[in-house]
Amino acid sequence: MIVLYIIITLATFAFMEGVTWFTHKYIMHGFLWVLHEDHHHPSKGQVFQKNDSFFFIFATPSILLFFFGVNPTLNFMFFIGLGILFYGIAYFLVHDVFIHQRFTWLSNVKHPYFLGLRRAHGSHHTGGQCFGMLLVPRRFIKEAKNNTLLLE
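Residues numbered from 1 in each chain as written. Predicted model: local features only at pLDDT ≥ 70, side-chain atom pairs only at ≥ 80, totals over all residues. Heavy atoms only, no water.

**Student:** Is there a simple way to explain the packing of aromatic side chains in this structure?
**Tutor:** Aromatic ring pairs: the centre-centre distance and the angle between the two ring planes describe each pair. In the structure shown here, the tally under the stated rule is eleven aromatic pairs. On the basis of an interplanar angle of 70 degrees and a centroid distance of 6.1 Å, the ring pair of phenylalanine 55 and phenylalanine 92 is categorised as edge-to-face. A residue pair is termed long-range when its members are at least 10 positions apart, and phenylalanine 55 in helix α3 (residues 53-68) and phenylalanine 92 in helix α4 (residues 76-99) qualify at 37 residues. The exposure class of phenylalanine 92 is partly exposed, given its relative accessible area of 24%. Ring centres 5.0 Å apart and planes at 80 degrees place the aromatic pair phenylalanine 67 and phenylalanine 68 in the edge-to-face group. Residue phenylalanine 68 is classed as partly exposed on the basis of its relative accessible area, which comes to 41%. Within the aromatic cluster, the residues linked to one another by ring pairs are Tyr5, Phe66, Phe78 and Phe79. We note arginine 118 situated over the ring of phenylalanine 98; from NZ or CZ to the ring centre the distance is 4.0 Å. (Phe/Tyr/Trp six-rings, centres within 6.5 Å; stacked < 30°, edge-to-face > 60°. Helix = DSSP H or I, 4+ residues; strand = E, 2+ residues; numbered from the N terminus. Buried < 20%, exposed > 50% of the residue type's maximum accessible area, 1.4 Å probe, protein only. Lys NZ or Arg CZ within 6 Å of the ring centre and 35° of its normal.)

Right, dumping it as structure tokens:
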């Protein structure tokens, strides 16, 4: 049973990349642009953005799945909630900490994948089409790798 729960958690984590792409493209850049706009046009010195509301919006299904995943006994819903939570943590660390440097915890990362991820997200902010988070088009990783080699 534990193997099934691990598979459910990992599959949910992977599925969340698609959910992120879809919600970012069609919801955040659609009818909820009013919450997302300040992320693309931030004010200087602003600690919180309306865009931060999405943390609560996306945490809600995870919290509900945790609740129903232990009532009346532990079941698969708990592990779906866990996969969502793990993706949320990864999203926070990658997007807010690494890419946008809202905290300086990961400021010295030089791996080509992460630098490519930062490039892809930067292209999104300048009109690009990268709406996902962890799956990065190879060309951005290749560009980052070439730049890293040039700097050595």
